[in-house]
Amino acid sequence: MSTFILLLFALLTPHGPDSGPLPARPGSVSTETQTCIDCHEQYTPGIVEDWKSSRHSRMTPAEGLTRPNLERRVSATRVPAELEGTVVGCFECHSRNAASHADNFEHFGFQINVIVTPADCGTCHPVEAEQYGRGKKAHALDNLEKNPVYSLLVDAIVSMKSAVRGTLQPGKASGNARNETCYACHGTRVGVRGTRTVNTEAGEITVPVLTNWPNTGVGRINPDGSAGSCTSCHARHGFSLELARKPSTCGQCHLEPDVPAYNVYKESKHGNIEESLGHRWTWDAVPWKVGGDFTAPTCAACHNSLLVNAAGGVIAERSHTFDTRLWVRLFGLITSHPQPKSGATHTIKNADGLPLPTTFAGVPAAPFLISPEEQQARRSTMRRVCTACHGPGWVDGHFAKLDTTLSEADGMVLAATGLLAAAWDRKMADRKNPFDEALEQQWVRQWLFYANSVRYGSAMSGPDYVAFKNGWWELTNGLQRMHETVNPARKK
Amino acid sequence: MSTFILLLFALLTPHGPDSGPLPARPGSVSTETQTCIDCHEQYTPGIVEDWKSSRHSRMTPAEGLTRPNLERRVSATRVPAELEGTVVGCFECHSRNAASHADNFEHFGFQINVIVTPADCGTCHPVEAEQYGRGKKAHALDNLEKNPVYSLLVDAIVSMKSAVRGTLQPGKASGNARNETCYACHGTRVGVRGTRTVNTEAGEITVPVLTNWPNTGVGRINPDGSAGSCTSCHARHGFSLELARKPSTCGQCHLEPDVPAYNVYKESKHGNIEESLGHRWTWDAVPWKVGGDFTAPTCAACHNSLLVNAAGGVIAERSHTFDTRLWVRLFGLITSHPQPKSGATHTIKNADGLPLPTTFAGVPAAPFLISPEEQQARRSTMRRVCTACHGPGWVDGHFAKLDTTLSEADGMVLAATGLLAAAWDRKMADRKNPFDEALEQQWVRQWLFYANSVRYGSAMSGPDYVAFKNGWWELTNGLQRMHETVNPARKK
Amino acid sequence: MSTFILLLFALLTPHGPDSGPLPARPGSVSTETQTCIDCHEQYTPGIVEDWKSSRHSRMTPAEGLTRPNLERRVSATRVPAELEGTVVGCFECHSRNAASHADNFEHFGFQINVIVTPADCGTCHPVEAEQYGRGKKAHALDNLEKNPVYSLLVDAIVSMKSAVRGTLQPGKASGNARNETCYACHGTRVGVRGTRTVNTEAGEITVPVLTNWPNTGVGRINPDGSAGSCTSCHARHGFSLELARKPSTCGQCHLEPDVPAYNVYKESKHGNIEESLGHRWTWDAVPWKVGGDFTAPTCAACHNSLLVNAAGGVIAERSHTFDTRLWVRLFGLITSHPQPKSGATHTIKNADGLPLPTTFAGVPAAPFLISPEEQQARRSTMRRVCTACHGPGWVDGHFAKLDTTLSEADGMVLAATGLLAAAWDRKMADRKNPFDEALEQQWVRQWLFYANSVRYGSAMSGPDYVAFKNGWWELTNGLQRMHETVNPARKK
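A quick note: this is a predicted structure, and the numbers were derived from the prediction, not measured.

Participant: Just to check I follow, could you spell out the relation of the copies chain C and chain A for this structure?
Facilitator: For the pair chain C and chain A, the best superposition has an RMSD of 0.0 Å and corresponds to a rotation of 120° with a translation of 0.0 Å parallel to the axis. Taken together, the rotation and translation relating the two chain copies correspond to the operation of a three-fold axis. Looking at the interface residues of chain C, only 5% of them are also at the interface in chain A, so each copy uses its own face.

Participant: Sorry, what's going on with the interface of chain B and chain C here?
Facilitator: Where interface size is given, it is often the accessible area lost as the parts come together that is meant. Listed by partner, the interface residues are 60 residues for chain B and 58 residues for chain C. Among the elements that take part in the side of chain B that touches chain C, helix α3 (residues 45-52) of chain B stands out by supplying six residues, more than any other. Taken together, the residues of the side of chain B that touches chain C break down into 29 nonpolar, 19 polar and 12 charged.

Participant: Looking at this model, I keep getting lost on the confidence of the model for chain A. Mind explaining?
Facilitator: Regions with low pLDDT carry predicted coordinates that are not meant to be interpreted in detail. Residue and element names in this part refer to chain A. Predicted confidence across chain A gives a mean pLDDT of 94, with 94% of residues reaching 70 or more. Note that residues 1-20 has pLDDT below 50 and, in this model, 24 contacts with residues that lie over four places away or in other chains. Prediction confidence for the complex, expressed as pTM and ipTM, is 0.95 and 0.95 respectively.

Participant: Please explain the interface of chain C and chain A as it appears in this structure.
Facilitator: Each side of the interface is counted separately: chain C has 60 residues, and chain A has 58 residues. Among the elements that take part in the side of chain C that touches chain A, helix α3 (residues 45-52) of chain C stands out by supplying six residues, more than any other. Residues of the side of chain C that touches chain A, tallied by class, amount to 29 nonpolar, 19 polar and 12 charged.

Participant: Teacher, can you tell me more about the relation of the copies chain B and chain C here?
Facilitator: Applying a rotation about an axis and a shift along it to one chain copy brings it onto the other copy. Once turned by 120° and shifted 0.0 Å along the axis, chain B lies on chain C with an RMSD of 0.0 Å. Looking at the interface residues of chain B, only 5% of them are also at the interface in chain C, so each copy uses its own face.

Participant: What is the right way to look at the pairing of strand β4 (residues 167-173) of chain A in this model?
Facilitator: All names here are of chain A. Here strand β3 (residues 159-164) runs beside β4; their pairing, made up of five bridges, is antiparallel. Bridge pairing in β4 places Val164 opposite Thr167. Counting the residues in the hairpin turn of β3 and β4 gives two residues, including Arg165, whose phi is positive at 50°.

Participant: Could you clarify how one ought to interpret unusual backbone geometry in this entry?
Facilitator: Comment: phi is negative for the bulk of residues other than glycine, and the bulk of peptide bonds are trans. Cis geometry marks the peptide bond from B:Trp213 to B:Pro214; its omega dihedral reads 5°. Structurally, B:Pro214 can be placed in the loop between β6 (203-211) and α13 (241-245). Look at A:Arg165: it is not a glycine, yet its phi comes out positive at around 50°. Mapped onto the elements, A:Arg165 comes out in the loop between β3 and β4. Among the residues examined, A:Arg165 registers 8 C-beta atoms within 10 Å and is labelled exposed. Here the phi dihedral of A:Asn212 falls at roughly 50°; this positive angle occurs in a residue that is not glycine. Note on placement: A:Asn212 falls in the loop between β6 (203-211) and α13 (241-245). By the C-beta count within 10 Å, which is 20 here, A:Asn212 ends up buried.

Participant: Sorry, what's going on with the nonpolar core here?
Facilitator: Within soluble globular proteins, side chains that are nonpolar tend to cluster in buried spots. If you look at the biggest cluster of nonpolar residues, it comprises 328 residues, and the most contacted ones within it are A:Ala416, A:Leu419, B:Leu419, C:Ala416 and C:Leu419. Those residues in contact with A:Leu419 that lie beyond four places of it in its chain are A:Met482, A:His483, A:Val486, C:Ala163, C:Gly166 and C:Leu168.

Participant: Even after reading the chapter, I still don't get the domain arrangement of chain A, so can you show me in this structure?
Facilitator: Residues and elements named next belong to chain A. Taken domain by domain, chain A comprises domain 1 (19-141 + 181-232) and domain 2 (240-486). If you average the C-alpha positions of domain 1 and of domain 2, the two centres end up 32 Å apart. Facing the 15 residues of domain 1 at the interface are 15 residues of domain 2. The dominant element in the side of domain 1 that touches domain 2, judged by the number of residues it contributes, is helix α8 (residues 126-134), at four residues.

Participant: Mind showing me how you'd approach the environment of C:Ser268 here?
Facilitator: All names here are of chain C. Following the sequence through the fold, Ser268 ends up in the loop between α15 (261-267) and α16 (269-277). Remark: the alpha-carbon pair of Ser268 and Met460, spanning 192 residues in sequence, is separated by 6.9 Å. Discounting residues that sit within four places of it in the chain, Ser268 has contacts with Met460, Ser461 and Gly462.

Participant: It is not clear to me how the environment of C:Glu32 should be interpreted in this structure. Could you clarify?
Facilitator: Residues and elements named next belong to chain C. Following the sequence through the fold, Glu32 ends up in helix α2 (residues 31-43). Between the C-alpha atoms of Glu32 and Val444, which are 412 residues apart in sequence, the distance is 53 Å. Discounting residues that sit within four places of it in the chain, Glu32 has contacts with Phe91 and Phe110.

Participant: In this structure, what is going on with the sheet that holds strand β7 (residues 288-289) of chain B? I would like to understand it.
Facilitator: Within a sheet, neighbouring strands are paired by backbone hydrogen bonds and run either parallel or antiparallel to one another. Residues and elements named next belong to chain B. The three strands are arranged β7-β8-β9 in an open sheet whose pairing can be described as mixed. Each edge of the sheet is formed by a strand with only one pairing partner; in this case those strands are β7 and β9 (314-316). When β7 meets strand β8 (residues 307-308), the two strands line up parallel, connected through two bridges. The residue of β8 that forms the bridge with Lys289 is Val308. The strands touched by helix α18 (residues 372-386) within the sheet are β8 and β9, with β9 carrying the most contacts at an inclination of about 120°.

Participant: What exactly am I supposed to notice about helix α22 (residues 472-486) of chain C here?
Facilitator: Count 3.6 residues to each turn of an α-helix, and residues three or four apart come out pointing the same way. Residues and elements named next belong to chain C. With 15 residues, α22 should cover 21 Å at 1.5 Å per step; its first-to-last C-alpha distance of 21 Å lies within 8% of that length. In terms of burial, α22 is largely enclosed, as 12 of its 15 residues are buried. Among the residues making up α22, those that are buried are Trp472, Trp473, Glu474, Leu475, Thr476, Asn477, Gly478, Leu479, Gln480, Met482, His483 and Val486.

The rules behind the values
- Residues numbered from 1 in each chain as written.
- Chains lettered and ligands numbered in written order.
- Predicted model: local features only at pLDDT ≥ 70, side-chain atom pairs only at ≥ 80, totals over all residues.
- Least-squares fit on C-alpha atoms with pLDDT ≥ 70 in both.
- Contact = placed C-beta atoms within 7 Å.
- Helix = DSSP H or I, 4+ residues; strand = E, 2+ residues; numbered from the N terminus.
- Nonpolar A, V, L, I, M, F, W, Y, C, P; charged D, E, K, R; others polar.
- pLDDT = per-residue confidence, 0-100.
- Pairing = 2+ DSSP bridges.
- Buried ≥ 20, exposed ≤ 12 C-beta atoms within 10 Å, placed from the backbone.
- Core = buried A, V, L, I, M, F, W, Y, C linked by C-beta atoms within 7 Å.
- Domains from an automatic or database assignment.
- Axes fitted to C-alpha atoms, helices over the stretch in contact; angles between N-to-C directions.
- Expected span 1.5 Å × (residues − 1).

So this is what it looks like as structure tokens:
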């Protein structure tokens, strides 16, 4: 009889929560975590139930450390002794490194951190934390705040404006407006400003008052001084690999009109297959087997997951910098360019003295960008991912198309910049702030929306984004309107 | 052996049709309904099969009435005796209240209503029908038709235009154009204009001719005089709770560019989790258990479902007015404002004498809007929903951000209104019809598309809608273009 | 015991790969195909695993030929003897008709075609290949390339532009730009330019160099001279019916802003039901049973699948021309019109001598379009599909609304054309190229984006596309702006 039960579970688990080889017995929960659960399953049931569906709730780090190398999700070679033997629960994470946490507070006899940071997750996942810390995501806030060009753009967009006697008067940008727009994805600087007492169903509790909170942006600066937010992708307490690998997770920030990666993906054959047949896939396998576990790539498959072939041979290593398979940066600022060497892009200085990877004329700030050799190496890494499903002719043809597209899109941006420069020279616009007049804002659209759409659409095979949907059609129409504005007398 | 069968069904039913505790035996079908089915499973198989998947096809009202309070889907304390003992089939619904139905007709010996209305559904679901009838949805058609400002806007948009010697000539808006645009969601006034004879596969039949039909708008006026359409959300004959709770149901009407609630949701972490992991949830449980049945809210979870915690304690009551957890109305007309007291918003009079919840300058029509106390009460109700998964610091921080965003978005609308007023004063535009010139239409975009996107994006955490996707970027760029139009001499 | 196992499989298969009655034993694989697999499951595991999930991998043509008529997927009455007894593997498809394939090459001792074409698939699926070959899809490339009006539009959009002394200079359109935009969906002309040697993990191999490759557009001209690409919809080696029937497959090309069929569908009640409840459907049944297998139509259900009712009676025949149920062409060029008789629309000549289905003034090129009788016949065919779920009053009302909408949308286009003609007459624009000035590009938006959205939105019940989302709102606002441009002195 019991063989049937086992058979049933074996057959049914693929439709259940994150599976893989999990111990059948309930994990050993620490006393502290059990105390948390006893209250919180009443007061914040959503969190507790989510956690119960996680591997964290059912495995101890000690068990994780015994797994074969390719299957390991714990990248530490060992973990602190006090963590080894219990499952990874509320207290294990929310009490880490308390001394460095300005958001630590006393809560029913325990010292709790409100925010669990990359530094805390790094206890068991140090490789991921280190990789992430080097990449652009961990620097995403600094890269806006410490880059005066981008700060000017941010403030031009989100500053208050008022009408005084029929003319528009510029105002200031509020912290709130920045936090709800650019910083929502880029991250905020979370501080602590004293405590307050709140009435809850569990009675009065005293909690720290966090500033610029809530926020889950990828470059968040945390109250322990660390940068980043693992929860951006590994969200809320289930830490589901399936969630992290589903395209809509990346799509929260990488979406049209400025970074239409998610939209292009959904329109592509890859996205079409994922949307149609993804319900058959094994989303949480580690390593992730091309063909066996999934039959079309997602964002994670191409850009950061550990991929193996049918024989278990490694096709691509896991990456949490997210750019180890990227040789070129499509996201044009204002043209495409080799990936920057450092995640801290605000440290770049181009030939015009600006902290931008290229000049407005498209000249790359070469010393700050990866070398042609490194570009070639990364291109080869991505090529190996593609050839897991496609022949060499297909892949090389695809790459060649992308090369040409980048050059053409950059050329179209250059034309827009030429028209704007003429308007500046002719005093039809004022170059002091390049972002606050209508013609300048049209110029921003040309590179930030339209040229980017063309680039992403070509890279990931979503042709409507190269054509009518923010692509060549808008590039051309926008240029023509800029031309007619700059040359009002002769329309053509 | 049979325990295995039961086990199998127990394990498999979550993937099957709307489940929950249903009687295993086939329901008792009335003679009349069986006659309907005998023909219609041949001629309209889609309807019949859909109904077979429903609870209606498998439970009698009498059985529904025996359920514990929180699990009940029948809100009547008793139902007419003739309905008690049979499942709820074709005839039970399509023969209700025949005397009041102008669309009633003789059909193979039965008197049938074409349309089943909220008044009919109210036989077993009176609480829902009553709540719905009080809300804005049931008044959605009147709120357009009887409000001269909105009628003017509707007609400005959908009226025919023609070119005569190179100038645009305004024409009339057709009923068809109204029905296919605004009234498709708001509802039409369905009338009956005699009968006609149609040739069908079942032979010649004579049927009533309905006007302004088909339509499933939420404020539809039905041939029995009732207002509303349950089928807008509880569609076609399966009456699936899963369907009603899935976000795309709400998204049919609440979508960009004017009411981007659905789009913002999909971009939010809530939507990301639902899209990625929703296949694991129990979508049709009543009551709906936070954490246990679902791990991220959908539209229904936040706005109208009956929610309980793990212990079965009520977190929020079911609502079919849809505004019991809403203290402020984000949908700006033209600025945000406290929710109106009555669903019949066309009865409002503001300080300018217009039937709008605020003046163009943003002054609320206070007597027609809910009080600060009622606002506070509703805010607390929503706060309880949020705190089922989030700590108080998170929730209060989120609400505070929304408060600031509303004030800033309203300020940006005011700036646009100021520029338009200047244009009117300077005779650059004609204030008689505020919707028919290009500058005025830009002004409409500012509040209807862009400020609304900012508000919804902030309320539901979809930052791109606050930023580049119809948000601050468009608000700013649109204002700048309005400014340059109104002040042609000095561009800046 | 074994009955339980069978029961388990019976219950579980709906969630597995494409099912239906498949032989339990592994299919008989040809020696050649086995050789392919032995290498490729190592080097291109994605392809091989995908194929393993297919019916092709588990059934022989001989078995397919024994199926009852309505269930048959093989439309040939017999297939070549050498193909009959093995499953349909790598070699069976990639070695077909080698003599006519310019892309044939020697590969480890086998003569392999890179591309499998409709002519090759036609070996077993001749009816589908023939139907497809007659339709507009197979002619999609010619219909752009050989139509000088459309070629002019394509090149106006994707030609390079540069700024010289502040004025915009037109450049040439590259083949790459055409391939990455319009031709990505319409298809490219794939040629062969010699061979090259590539280093792969399997050692050095020599492969043909294909030009205009990769491409999977529906009108691709293949190296064997055939037209079309089955893989556009039946993608990558699983040939999943579920994939072909899922709306996102069609949505790769039929999407906003120019052909918003997919977007409208997703917003419609049909799409809402599919997105919410489609996980319960049987997606790969042949024939496809309305109500039993699915409860709301997808693109395929309305436009090309073989549909039956509960009793197995045929509701609509399978079609691979995709227009047998379409009486009118919504896609306005520039107005709606009866479907063209031939898929080769570039052969049309209208009263102005242009290869367009109507004149700019809307006069149809009647000799090239289907007759009123044929229109009526097709309308009746579609009506039968609709009445499988809807009563006659609903369907006739829906069709009547569409008729009116088409007339109104065409009228709004005519107004735009009238304003543009006035601008040409007044020398405010130059009629030589009707696509390269800002006013002309606004005119293109009016018919290609906005009127099309209104038409599709009305046809498929997605009201936001008739209203605010590229619909009447944009039609009206765009006309008003055109009017104010053409009549600068008097704004109104």
